[in-house]
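Take a look at the letters that make up each chain.
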Amino acid sequence: MPEAPKEPQKATEYDVEEKNKKTLEFVEDVTANADQVQKGVLAEILSRNAHVEYLKRNGLNGHTDRETFKKIIPVITYEDIQPDITRIANGDKSPILCSQPISEFLTSSGTSGGERKLMPTIEEELERRSLLYSLLMPVMSQFVPGLDKGKGMYFLFIKSEAKTPGGLVARPVLTSYYKSSHFKNRPYDPYTNYTSPNETILCLDSYQSMYSQMLCGLCQNKEVLRVGAVFASGFIRAIQFLEKHWALLCKDIRTGTLNPQITDPSVREAVMKILKPDPKLADFIEAECCRGYWQGIITRLWPNTKYVDVIVTGTMSQYIPTLDYYSNGLPLVCTMYASSECYFGVNLNPLCKPSDVSYTLIPTMAYFEFLPVHRNNGGINSISMPKSLNEKEQQELVDLVDVKVGQEYELVVTTYAGLYRYRVGDVLRVAGFKNNAPKFNFICRKNVVLSIDTDKTDEVELQNAVKNAVTHLMPFDAHLTEYTSYADTTTIPGHYVLYWELSINGSTPIPPSVFEDCCLTIEESLNTVYRQNRVCESVGSLEIKIVEAGTFDKLMDFAISLGASINQYKTPRCVKFAPIVELLNSRVISSNCSPKCPKWTPGHKQWNNKN
Ligand code: AMP
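Only a predicted model underlies this, so the values are computations on that prediction, with no experimental measurement involved. All residue numbers refer to positions counted from 1 along the written sequence of the respective chain. Given that the model is predicted, a residue must reach a pLDDT of at least 70 before its local features are reported, and side-chain atom pairs must reach 80 or more before they are shown or counted; all residues, however, enter totals for whole chains, interfaces and linings. The side-chain quantities take in all heavy atoms of the structure and omit both hydrogens and water.

1. Digging into the sheet that holds strand 6 (residues 224-231)
Turning to step 1, where the next piece is worked out: With parallel pairing, the four strands of this open sheet are ordered in space as 3-6-7-8. In the strand order of this sheet, the two ends are held by strand 3 (151-155) and strand 8 (332-333), each with one partner.
Turning to step 2, where the next piece is worked out: Each pair of strands is called paired provided DSSP finds at least two bridges between the two strands. For helices the rule is a DSSP run of H or I covering at least 4 residues; for strands it is a run of E covering at least 2, with both sets numbered from the N terminus onward. By the bridge criterion, five bridges tie strand 3 to strand 6 in an arrangement that is parallel. Bridge pairing in strand 6 links Lys-151 to Val-224.

This is the structure we're talking about:
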């Protein structure tokens, strides 16, 4: 199997061009030999894990070939392995899923029963993740030369972690990566030369982390060649932070002192190595921020920026207009596609339009299979929970090299860390091929209707939350006749809006506080990722807009005028189409927001974590 290029250890040994060449050769090699590599990956995973309980339980009997594997091992969802995961979380160290020790759990932003899914991982997966990261800049530098001559201003954050009852750490994959020596002690590389010192990224206090990263980014503004964050929502939050705090930032830059709100000693020390009194720079930033508009603020403050590196595929596409506004239309670059289960692939044509982005899955990362998606009535986000596959459906899965251009598939992975034929929940469409490896457009995550940041809310959750909330209406003899929802990203941070149509029989008017209670009950009923995002302020407070009687009939008339069938018409539980949102907004009688944040604590609720 082709090996990833090895990192040089010292700056002096560093030959960017040579390293880029080797990396691109690696991509050529693994994509040209995609099928062979995949066969090798599966055989390696199965031979290493021949004796693990899960494979024995399913009767694989040490076979390592694709045919037997596909015949014997079922295609599963998280719920199927939850009992095994719970055993591992509770401290069972026997080889249940993987022969190597589970080093920690990665807490996915996907949830099960309202709690984050726990993805087992092993130490060596960090190397695979590092490998995928190491492909990004050599690919990028084919299109934008000179990126090794300056810095990247990336807003990167860690989140709190918890311990399972058995003592394993459970944390998001990026927190795990930034805290690992792969990131912290990375060898010199001009492409991982960031404006944010590690200490500012590794500070758990989100205000101090953001403030210090912004300050360091401003101090080095001329050196910055690219800016970004993981998701578009995070980058926009950083710009909004600047809008709010530029005066204090300028004061610190002018005097070369760090204000006392930054209390973390390691952050202070790291920032003070960069911060020098610079009244000229402070005047310049102040003048730009005082202009009273934020259009083009990226290119105004960081004039050498060549592109904005953020994910704007999937639900993040809702942020494209805001990013265009802030960056004066700089290229928006989506470099990679990854998850807690596994890092999947890279965008080999990073300067393409966001709507054309496709990711080439790197065949060494895991063993990939693809379940064809059949749309019924044009929708795949209908109210259905993942079901287990019947025998015929199991046979429909195809290998990486056998997918067909234009067809949509659900991604299924078998990982080195012990997931076997696991349905990730993402729907991808084949856009074309790089050698023998397919390139995929990201279409959607199955069932998700609402998302602002990393939160993913499905129809069933929304329905249950609404059901809990309407109990507040009972004393007023009022009933919810119809509802829909909308992810409103015109506010920063964005927030969920619910449109409610009521039938009211009682004569007592419903006071606004009752609708506020409804908002909070919905928020309390939503999953842990939503509630965490509310507490971290990456999602704003939920709003209920009451609409006039008859609004949902108008909505149906409108959908039918656009070609929907009367017989099959169902009220959409989430709307995106601008004219429909306008129609709803034009009939709003009153609107109320949650008065406070819902409750959230790190870890699963049954773990009783203290931190
Ligand atoms: P998590 O496991 O919480 O890291 O979330 C992983 C999920 O985020 C993936 O399964 C996708 O649904 C989504 N995701 C990750 N990368 C991208 C991308 N480049 N474009 C669109 N969605 C993405």
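Still more to cover.
2. Thoughts on the pattern of salt bridges
Side chains that differ in sign of charge can pair as their charged atoms come close.
Turning to step 1, where the next piece is worked out: Any carboxyl oxygen of Asp or Glu that lies within 4 Å of a side-chain nitrogen of Lys or Arg is treated as forming a salt bridge with it. By the definition in use, this model includes 36 salt bridges.
Turning to step 2, where the next piece is worked out: Across the salt bridge formed by Glu-288 and Arg-300, the nearest N and O atoms sit 2.7 Å from each other. In this pair, Glu-288 sits in helix 13 (residues 279-290) while Arg-300 sits in helix 14 (residues 297-301), placing the two residues twelve residues apart along the sequence.
Turning to step 3, where the next piece is worked out: Ionic contacts of the salt-bridge type, sharing partners, join the residues Asp-35, Arg-66, Lys-70, Glu-369, Asp-399 and Arg-421 into one network.

3. Quick word on the site of the ligand
Turning to step 1, where the next piece is worked out: Around the ligand, the surrounding shell holds 16 residues, and the nearest of these are Ser-109, Thr-313, Met-336, Ser-340 and Asp-426.
Turning to step 2, where the next piece is worked out: For this analysis, a polar contact is any N or O atom pair within 3.5 Å, provided that within protein one partner can donate a hydrogen and the other can accept it, and provided that sequence-adjacent residues contribute only side-chain to side-chain pairs. At 2.5 Å, a side-chain N or O of Ser-109 approaches an oxygen atom of the ligand.
Turning to step 3, where the next piece is worked out: Surface burial for the ligand is 89%, taken as the share of its 500 Å² of free accessible area covered by protein chains.
Turning to step 4, where the next piece is worked out: Mapped by element, the contributors of at least two residues to the shell around the ligand are strand 1 (104-112), strand 9 (336-338), strand 15 (422-434) and strand 16 (437-445).
Turning to step 5, where the next piece is worked out: Among the elements that take part in the shell around the ligand, strand 9 stands out by supplying three residues, more than any other.
Turning to step 6, where the next piece is worked out: Taken together, the residues that form the shell around the ligand break down as seven nonpolar, five polar and four charged. If a single non-hydrogen atom of a residue is within 4 Å of a molecule or strand, that residue counts as near it. Computed with the Shrake-Rupley method and a 1.4 Å probe, the accessible areas treat only the protein chains shown as cover for residues. Residues are grouped as follows: nonpolar covers Ala, Val, Leu, Ile, Met, Phe, Trp, Tyr, Cys and Pro; charged covers Asp, Glu, Lys and Arg; every other residue, Gly included, is treated as polar.

4. Focus on helix 2 (residues 34-48)
Turning to step 1, where the next piece is worked out: A helix is expected to reach a length of 1.5 Å times the quantity of its residues less one. If you check helix 2, its first and last C-alpha atoms are 21 Å apart, about what 15 residues at 1.5 Å a residue would give, namely 21 Å.
Turning to step 2, where the next piece is worked out: Only protein chains enter the accessibility calculation, which uses a 1.4 Å probe. A residue is then buried if its area is under 20% of the maximum for its type, exposed if over 50%, and partly exposed in between. Listing the buried residues of helix 2 in full gives Ala-34, Val-37, Gln-38, Val-41, Leu-42, Ile-45 and Leu-46. Buried residues of helix 2, seen end-on, are gathered within an arc of 160° and therefore sit on one face of the element. Those residues of helix 2 that are exposed and aimed more than 90 degrees away from the buried face are Gln-36 and Lys-39. It is the directions from the helix axis to the C-beta atoms whose arc is reported.

5. Topic: the confidence of the model for the protein chain
Turning to step 1, where the next piece is worked out: The pLDDT value expresses, per residue, how confident the predictor is, ranging between 0 and 100. Residues with a pLDDT of 70 or more make up 95% of the protein chain, whose mean pLDDT is 94.
Turning to step 2, where the next piece is worked out: What makes two residues a contact is simply this: any of their non-hydrogen atoms within 4.5 Å. In the predicted structure, residues 1-5 sits below a pLDDT of 50 and forms 15 contacts with residues beyond four places in sequence or in another chain.
Turning to step 3, where the next piece is worked out: Throughout residues 381-385 the model reports pLDDT below 50, and contacts reaching past four residues in sequence, or to other chains, amount to 14 contacts.

6. With respect to the packing of aromatic side chains
Remark: the centre distance and the inter-plane angle together describe each pair of aromatic rings, the angle taken between the planes.
Turning to step 1, where the next piece is worked out: Two rings from Phe, Tyr or Trp (for Trp, the six-membered ring) form a pair when their centres are within 6.5 Å of each other. A pair whose planes differ by under 30 degrees is stacked, one over 60 is edge-to-face, and the rest are tilted. The tally for this structure, following the rule as stated, stands at 20 aromatic pairs.
Turning to step 2, where the next piece is worked out: Judged by centre distance (4.8 Å) and plane angle (45°), the rings of Tyr-496 and Tyr-530 are tilted. Placement of the pair is Tyr-496 in strand 20 (residues 495-504) and Tyr-530 in helix 19 (residues 528-535), with a sequence separation of 34 residues. Just as Tyr-496 is buried, Tyr-530 falls in that class too.
Turning to step 3, where the next piece is worked out: Here the aromatic cluster, defined as three or more aromatic residues joined through ring pairs, consists of Tyr-133, Tyr-177, Tyr-178, Phe-183 and Tyr-343.
Turning to step 4, where the next piece is worked out: Look at NZ for Lys and CZ for Arg. If either is within 6 Å of the ring centre and within 35 degrees of the ring normal, a charge sits over the ring. Directly above the ring of Tyr-416 sits Arg-128, whose terminal nitrogen or CZ lies 3.5 Å from the centroid.
Turning to step 5, where the next piece is worked out: When the ring centre of Tyr-293 is taken as origin, the NZ or CZ atom of Arg-300, which lies over that ring, is 4.6 Å away.

7. With respect to the nonpolar core
Turning to step 1, where the next piece is worked out: To define a nonpolar core, start from buried Ala, Val, Leu, Ile, Met, Phe, Trp, Tyr and Cys residues and group those joined through side-chain atoms within 4.5 Å. Residues Phe-235, Leu-242, Phe-368, Leu-411, Trp-500 and Ile-522 are the most contacted members of the largest nonpolar core, which totals 149 residues.
Turning to step 2, where the next piece is worked out: Take this core: its biggest share by element is eleven residues, from helix 11 (residues 232-255).
Turning to step 3, where the next piece is worked out: Leu-126, Met-140, Leu-156 and Tyr-178 belong to the second largest nonpolar core, which has 18 residues in total.

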